[in-house]
Amino acid sequence: MNDCRAQLAQQLAESVAEALRTDLASRERALLVVSGGSTPVPFFQALATKDLAWDRIDITLADERWVDAFADDSNARLVNEHLLTGPASAANFVPLTSDDATPEQGAEVVNERIENLDWPASVVILGMGGDGHTASLFPDSQELGLALSTDEAVVAVRSPGQPQPRITLSAGRLHQAQRHILHLTGEEKRVVLGRALAGDDVRELPIRAFLACPLAIYWAP
């Protein structure tokens, strides 16, 4: 990891920790929504060291692959290995999967689990793919329209370009946050974000669903 990305991870961790402290001063619990992938790992590791009332913090994911929690490509595994360590192990992690065979079958129980959290979230941290997707809002997904419009908390998603079915928080649910952050690294992502900012077709680049509201962008080469 280059120095710029390491510095970015530390800055993001400081900002998120301060947001959680601020909200915990006036609320019994605070909710943090994070994204998976390789980009947030240094941020997770930095945030895990912060002095927070972790036992009053709930953590969930913006989206998840419908795989076993111990699978290599499980976002839950990523969070458990890199964020829920040391002091942060006292946090309450709420996964997006169930024992059901498919996300369509499990969506109802996961939806209820997510509805029971203390919304609005203190912070939602989004990532973005090279195709402009965020969470599991994929431009080629048949469920994109539903995920962008539903009042339900979660949506089962299948994308032709993805090997596993997924479950994602809906755009409406992701909007229910005090603060939104977009965490990006690399020149390719900067170019895609520039394209997104220059247009308004959400179905072409779903990240656009979040560009019209206050959004802090954390980017490093």
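Everything below is about the structure shown above.
The present account deals with the structure reproduced in this document. (Residues numbered from 1 in each chain as written. Predicted model: local features only at pLDDT ≥ 70, side-chain atom pairs only at ≥ 80, totals over all residues. Heavy atoms only, no water.)

This paragraph deals with the nonpolar core. Val16, Leu47, Ile59 and Ile114 are the most contacted members of the largest nonpolar core, which has 75 residues in total. In terms of residues, this core owes the most to one element, helix 1 (residues 3-24), which gives nine residues. (Core = buried A, V, L, I, M, F, W, Y, C linked by side-chain atoms within 4.5 Å. Buried < 20%, exposed > 50% of the residue type's maximum accessible area, 1.4 Å probe, protein only. Helix = DSSP H or I, 4+ residues; strand = E, 2+ residues; numbered from the N terminus.)

In this structure, strand 8 (residues 177-185) lies alongside strand 9 (residues 216-220), joined through five bridges in parallel fashion. Counterpart to Leu184 in the pairing with strand 9 is Trp219. A crossover connection joins strand 8 to the parallel strand 9 through helix 7 (residues 187-197); in handedness this β-α-β unit is right-handed. (Pairing = 2+ DSSP bridges. Right-handed = clockwise from strand over helix to strand, strands pointing away.)

With that out of the way, let us pick up the packing of aromatic side chains. Across all of its chains, the model carries one aromatic pair by this definition. Seen in terms of ring centroids, Phe43 and Phe44 are 5.7 Å apart; in terms of plane orientation they differ by 45 degrees. Their pairing is tilted. In this structure, Phe43 and Phe44 share a single accessibility class: buried. (Phe/Tyr/Trp six-rings, centres within 6.5 Å; stacked < 30°, edge-to-face > 60°.)

So, about the environment of Ile181. Note on placement: Ile181 falls in strand 8. With 144 residues separating them along the chain, Ile181 and Gly37 place their C-alpha atoms 15 Å apart. Beyond its immediate sequence surroundings of up to four residues, Ile181 is in contact with Leu12, Val16, Val123, Val124, Ile125, Leu126, Leu215, Ala216 and Tyr218. (Contact = heavy atoms within 4.5 Å.)

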